[in-house]
Each structure stands twice: as C-alpha cells, then as structure tokens.
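In case you want the letters, here they are:
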Amino acid sequence: MSPPVAPPGWSRWLVPPAALSVHLSIGQAYAWSVFKPPLESALGLSGTQSALPFQLGIVMLGLSAAFGGTLVERHGPRWAMTVALVCFSSGFLLSALGAAVEQYWLIVLGYGFVGGIGLGIGYISPVSTLIKWFPDRPGMATGIAIMGFGGGALIASPWSAQMLKSFGTDNSGIALAFLVHGLTYAVFMLLGVLLVRVPRPRERADGRPAPLEGVQVSARSALRTPQFWLLWLVLCMNVTAGIGILEKAAPMITDFFADTSTPVSATAAAGFVALLSAANMAGRIGWSSTSDLIGRKNIYRVYLGVGALMYTLIALFGDSSKPLFVLCALVVLSFYGGGFATAPAYLKDLFGTYQVGAIHGRLLTAWSLAGVLGPLIVNWIADHQEEAGRHGSALYGTSFLIMIGLLVVGFVANELVRPVHARYHEPATTVPATTDPAPKEGNDVTRQQPESA
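Residues numbered from 1 in each chain as written. Predicted model: local features only at pLDDT ≥ 70, side-chain atom pairs only at ≥ 80, totals over all residues. Heavy atoms only, no water.

Engineer: What is the right way to look at the overall build of the protein chain in this model?
Structural biologist: Summing up its helical and strand segments, the protein chain has 18 helices and zero strands in all. What you see for the protein chain is a C-alpha radius of gyration of 22 Å, in line with the 22 Å of a compact globule of 453 residues. In terms of overall dimensions, the protein chain has C-alpha extents of about 75 × 50 × 35 Å along its principal axes. The proportion of buried residues among the 453 residues of the protein chain is 54%. Considering only contacts in the protein chain between residues 6 or more positions apart, those separated by 24 or more positions represent 85%. By element, 66% of the accessible surface of the protein chain is carried by carbon and sulfur atoms, the whole surface being about 17700 Å². Distance between charge centres in the protein chain, computed from 27 positive and 23 negative side chains, equals 10 Å. (Helix = DSSP H or I, 4+ residues; strand = E, 2+ residues; numbered from the N terminus. Rg over C-alpha atoms; globule rule 2.2 N^0.38 Å. Buried < 20%, exposed > 50% of the residue type's maximum accessible area, 1.4 Å probe, protein only. Contact = heavy atoms within 4.5 Å. Areas by Shrake-Rupley, 256 points an atom, 1.4 Å probe, with all protein chains shown as cover. Lys, Arg positive; Asp, Glu negative; His and termini not counted. Charge placed at Lys NZ, Arg CZ, Asp CG, Glu CD.)

Dropping the structure here:
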C-alpha cells in the first residue's frame, strides 16, 4: 500500500481529523474498567485477572510502537491506520467470541495481545505525517491527535455502560457489547484510513527529489545519542508521576478526606475521575500548542518543575482543602497528557523528520515502564502503610515524596538535553522532502547549530 499523496490544493486541516478518528477509537483502552465488574461476575474472575487484558494491551502498545515504528515510516500512515483498524477491531471480535463461549483466555488474547498491537501502531500512525504537514506548529498538530487518545474514554465509558445496561451484564451481553464495539470502531477508523494524505514531494529544478533540510537523524542513530535516552527518562518520570494519581484517583481522594467532617462520596469520587480525564485531554492540546510558542525544553520545565510543586502542595496541605487537592491533581494530569503530546515535537526538533515516527515508537517504551512503575509505587506503599495502622492521607505521604524525587530527576535530565552532535546526522540524502505547507519557525532552544565535539 503506497502512501497516498495529497493532490494540489489539498488542505492540511483534513489530516488532523483523520488522525483523530483513529486516536478517539483506540482511546477506548482507558475505559476498560467499565467491563471489569461484569466480567468478574459473569466469569468468576478476580480483580487482578479482570485487569489482565488492559495491562497486556498497554505492554503491547509500547512494544508494537517500538518494533513497528520503522514499518510505519516505510509504508506510510494509510498502511499503519489499516493495520491498527484490523488489529483493534479483531481484538474486540475475538473478545466477543471469548465472552460468548466463556473462555477468558480468548479475551486476554483478543483485547490484550491483538488489540494491543492495534493500540501501538494506531498511536504512532499519524505522528510523522502530522509533523510534516505542520512544520510551523508540530506541537499543536500532534496535540490534536493525541488529545483523542486521552479523550476516547469520555465517549467510550458512558457508551459502553449503556450497552451493558441494554444487553445485560451476563456473558452473552458482554459478548454483544464487544461485537458492537469492534464493528463500530472499524467503521470510524476507516474514515481516517480513507482521508489521510502525505504532503507532495518537493523537487529540484531538474525534477529530482530534493533532500531533507536541517538536522536529520535515523532511528538507529538516535538510539546511540544521549538526547534520546535523556528524553526517554524525561517522559518516563513525567508519566510515572501522572499515572500514579490517575490509576488510584477515586480511592485516593476518598482516603484523603475520610477523617474530615466532609468525606467524599462515591459519586463525588467518580466525578473527580471524570475531571481528571478532562484535564488529561485538555493538557494534550493546550500545553503542546503552548510549546510551539515557548519551546519544548521550556514546556517540560513547566511539566516537571511545577508538577513537583503540585505534589508538594498536596502532600503538605491536600487533606485540609478539597479545592487545593483537586486543583493540584488537575494540573498534574494536564501535564501528564501534555507530556505525551509534546514528545513527538521535541523529537522532531532534535532529530528532524526523517524517521521521527520510528524514533517516537521507541520512545514509548518509557510509557510501558511508567505504566507499571507509577501504580506499583502508590499501591504498594499504601498497602504497607495500611498494614502498619495508618490511614487517610498518611497512606500516600511516602509515595508523593518519591514522585517529587522522580520529577526532579526528569527536570535535571531535561536540562541536560542539547542539540544532537553532527556525527549522528544523516549525510545528504535522496529521501524526498515534502512541500512545506507553512513556513517554519525557529522558536525552540534545541534548534541551534550542533554542539562542538
């Protein structure tokens, strides 16, 4: 499947909706918790067992993004979106079969393994194309698409809950809900497959393809640079801090105010979770767009430095003021989402557009580790504090101190990022440059001449 080239006069503003159709679909992963109680009841599962499809899906997201990134660059966004569509929808169909015949391993295989591959390929499928279409505003462009992944659950959660209410929460009802999900998402993602285009190649006067301009680093070379691993550490620390709150949000706010005169009800805790999801989504477009104005290094200074301050305020004063607790948590989750959305633009600033999608896929392995590390820190420490007889906000004091330390580590790593040394640059290449849809702006600290040896 050849990458579809945009005809003359094609509007670049048609590409973000194509990307959004894929990301809104695969963002359903954040709504998996809707299926947990019905599955536990219908199939006799434990909480740990019912979480396995989601956990495997996130692991496969990171692995498929890392190993499939080069294929995405080679074959283009339409191929990648098609693979994502087939895998993600097939995962739901396999899960429907597993629920219907009461074979949970099929649900794990379908949603977790097969669907997880769709998550990873779908997540990175539009990144490189968006950056090429929007060289002047790469943060905004990738933020629009990645916002969909954060906001997909806002659509999927009530929709899935309503289906289970209508179809029933027994194994046949769950199977029918999975079936409807698989077919509906296939149609919705197909819109992106049909709509996406790549920019036209820019040619020299003699008709030959023009080489890419500026710093260009291959994915293989990027892995040998300190800049890649510094950014890997930055993303891992930022995600760990954000997901530490997101994964345990409802019980956390309940525990914090359990010993006060105004405890938090289950309904209010659910509303808090919804607010965090909204902050996560808004941060992806808001903060990443801001990075186009102030630069990628500066915006990560905000994510990591102000994030550490927010954690400090919660640790010191969170149990004495609900508005303060909620506000600080919302800011942290907006930074969590913003960190994801800004990462591709940061990579583009450092390594160019040559294989930025493949480099981004490898960077997402930081997410796989953080997705395990953040919940592990918060839950393990809370469990041990409870065993020691502590309660309320005391369950989280130590874990918050650890999160502050991790954010400081990320802050230092971000400060160490410098332009990539010339020895890692690709030589003049025949890889065609794309027609610039808009003028480029030199607005980031990393867009400087390479550092000296």
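Still to come is the rest of the account.
Engineer: Please explain the nonpolar core as it appears in this structure.
Structural biologist: Within soluble globular proteins, side chains that are nonpolar tend to cluster in buried spots. Core analysis: the largest hydrophobic core is formed by 119 residues, its most contacted members being Tyr123, Phe178, Ile245, Tyr311, Phe351 and Trp367. Sorting elements by how many residues they give to this core places helix 15 (residues 322-351) first, with 15 residues. In this view, Tyr123 contacts His23, Ile26, Ile146, Phe149, Arg284, Phe340, His360, Leu364 and Trp367; residues no more than four positions away in its chain are not counted. In terms of nonpolar packing, the next biggest core, distinct from the first, is built from 10 residues, Ala19, Phe134, Ala141 and Ile144 among them. (Core = buried A, V, L, I, M, F, W, Y, C linked by side-chain atoms within 4.5 Å.)

Engineer: Which parts of the structure should I look at to understand the domain arrangement of the protein chain?
Structural biologist: How big an interface is tends to be expressed through the accessible area that disappears when the partners come together. One can read the domain layout of the protein chain as domain 1 (12-195) and domain 2 (219-424). Just the C-alpha atoms count here: the centres of domain 1 and domain 2 sit 23 Å apart. Of the residues lining the interface, 31 residues belong to domain 1; the matching set on domain 2 comes to 31 residues. Here domain 1 and domain 2 share an interface that buries about 2500 Å² over both sides, 69% of which is from carbon and sulfur atoms. The interface formed by domain 1 and domain 2 includes zero salt bridges. On the surface where domain 1 and domain 2 come into contact, there are nine residue pairs in polar contact (both at pLDDT 80 or more). When residues of the side of domain 1 that touches domain 2 are traced back to their parent elements, those giving at least two are helix 4 (52-75), helix 6 (104-124), helix 7 (127-133) and helix 8 (138-167). Considering each element in turn, the side of domain 1 that touches domain 2 owes the most residues, 12 residues, to helix 8. Taken together, the residues of the side of domain 1 that touches domain 2 sort by class into 19 nonpolar, nine polar and three charged. (Domains from an automatic or database assignment. Buried area = accessible area lost by both parts, 1.4 Å probe. Salt bridge = Lys/Arg side-chain N within 4 Å of Asp/Glu carboxyl O. Polar contact = N/O pair within 3.5 Å; in protein donor to acceptor, adjacent residues only side chain to side chain. Nonpolar A, V, L, I, M, F, W, Y, C, P; charged D, E, K, R; others polar.)

Engineer: What should I look at first to understand a nonpolar patch on the surface in this one?
Structural biologist: A contiguous nonpolar surface patch, about 390 Å² in accessible area, is contributed by Leu93, Phe167, Leu176, Leu179 and Leu183. If you tally residues by element for the nonpolar patch, the top one is helix 9 (residues 171-195), at three residues. Tracing the chain through its elements places Leu93 in helix 5 (residues 77-100). (Patch = residues over 30% accessible without salt bridge, like charges linked within 9 Å, V, L, I, M, F, W, Y side chains within 5 Å.)

Engineer: Would you take a moment to explain the packing of aromatic side chains for this structure?
Structural biologist: Two descriptors summarise a pair of aromatic rings, namely the distance from one centre to the other and the angle between the planes of the rings. Tallying each qualifying case throughout the model produces 31 aromatic pairs. Considering the side-chain rings of Tyr30 and Phe149, the 5.3 Å spacing of their centres and the 70° angle between planes classify their relative orientation as edge-to-face. Within this pair, whereas Tyr30 is found in the loop between helix 1 (15-26) and helix 2 (36-43), its partner Phe149 is found in helix 8, the two being separated by 119 residues in sequence. Of the residues examined, Phe149 reaches a relative accessible area of 1% and is grouped as buried. Through a chain of ring-to-ring contacts, the aromatic side chains of Trp32, Phe35, Phe88, Phe92, Tyr111, Trp159, Phe178 and Tyr185 assemble into a single cluster. Positioned above the aromatic ring of Phe257, the side-chain terminus of Lys322 is 5.8 Å from the ring centre. (Phe/Tyr/Trp six-rings, centres within 6.5 Å; stacked < 30°, edge-to-face > 60°. Lys NZ or Arg CZ within 6 Å of the ring centre and 35° of its normal.)

Engineer: Help me out: how do you make sense of the pattern of salt bridges in this one?
Structural biologist: Two side chains bearing opposite charge may form a pair once their charged atoms approach each other closely. Using the criterion set out here, one finds six salt bridges in the structure. Between Arg137 and Asp136 there is a salt bridge whose closest N-O contact spans 3.6 Å. Arg137 gets classed as partly exposed once you look at its relative accessible area, which sits at 33%. Judged by relative accessible area, Asp136 falls into the buried class, the value being 8%. Three or more residues are tied together by salt bridges with common partners; here these are Arg12, Asp136 and Arg137.

Engineer: What's the story with unusual backbone geometry in this structure? I'm lost.
Structural biologist: Note on backbone geometry: most residues besides glycine have negative phi, and most peptide bonds are trans. One non-glycine residue, Glu102, lies in the positive phi region at around 60°. Tracing the chain through its elements places Glu102 in the loop between helix 5 and helix 6. The class of Glu102 is partly exposed, set by a relative accessible area of 47%.

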